[in-house]
Amino acid sequence: MPSFKQFSTAASSLRGCRSPSLQTREGGGHGLSRWTSLGHKDRPKGFVFSRTPPPQGVSQKWEDWELPCYITSFLTIIILEVGLSVKPDLTIETWAHQKALERLEAESPGAADSD
């Protein structure tokens, strides 16, 4: 089995072969990081979508698209729930079970008449 020293030597040689964009993944301290482009901030602020939270006691103003999106999503979930709950059972197993029951019912009166 290879020794740890061989693995560390191989890892260090692979590290040297990486492209410069991968080497600056953590910023590298020079220029823009690979996650930003011209016209954008160099570093994220740590907030979702880089939006600062409103002051204490003030509610966030909804965007124009949010209410229609939430209503549409809610109605879609309701329609799917109702539609899938009343969906007819059209599996082959159910059909075969019903046919087997019909055959058993058809055979049973004939057996009672012969007695």
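Structure's up top.
So, here's what we can say about the structure.

The rules behind each value
Residues numbered from 1 in each chain as written. Predicted model: local features only at pLDDT ≥ 70, side-chain atom pairs only at ≥ 80, totals over all residues. Heavy atoms only, no water. Helix = DSSP H or I, 4+ residues; strand = E, 2+ residues; numbered from the N terminus. Buried < 20%, exposed > 50% of the residue type's maximum accessible area, 1.4 Å probe, protein only. Areas by Shrake-Rupley, 256 points an atom, 1.4 Å probe, with all protein chains shown as cover. Phe/Tyr/Trp six-rings, centres within 6.5 Å; stacked < 30°, edge-to-face > 60°. Patch = residues over 30% accessible without salt bridge, like charges linked within 9 Å, V, L, I, M, F, W, Y side chains within 5 Å. Salt bridge = Lys/Arg side-chain N within 4 Å of Asp/Glu carboxyl O.

### So, the overall build of the chain
Okay, step 1: For the chain, the helix and strand inventory stands at four helices and zero strands.
Okay, step 2: Mapped from its N terminus to its C terminus, the chain presents α and β elements in the order α-α-α-α.
Okay, step 3: Across the 115 residues that make up the chain, the buried fraction comes to 4%.
Okay, step 4: Accessible surface, the chain as shown: approximately 10800 Å² in total, 63% of it carbon and sulfur.

### Looking at the packing of aromatic side chains
Okay, step 1: By the definition in use, this model includes one aromatic pair.
Okay, step 2: Both rings, one in W62 and one in Y70, keep their centres 5.4 Å apart while their planes meet at 80°; by these two values the pair is edge-to-face.
Okay, step 3: Among the residues examined, W62 registers a relative accessible area of 47% and is labelled partly exposed.

### Here's the deal with a nonpolar patch on the surface
Okay, step 1: A surface patch of nonpolar side chains, amounting to about 1000 Å² of accessible area, comprises W62, L67, Y70, I71, F74, L75, I78, I79, V82 and V86.
Okay, step 2: Along the polypeptide, F74 turns up in helix α3 (residues 66-85).

### Description of the pattern of salt bridges
Should their charged atoms come close, side chains of opposite charge can pair.
Okay, step 1: All chains considered together, the criterion is met by one salt bridge.
Okay, step 2: K99 is paired through a salt bridge with E102; the nearest N and O atoms lie 3.7 Å apart. With K99 and E102 both in helix α4 (residues 92-114) and three residues apart, this pair spans about one turn of that helix.
Okay, step 3: What makes E102 partly exposed here is its relative accessible area of 44%.

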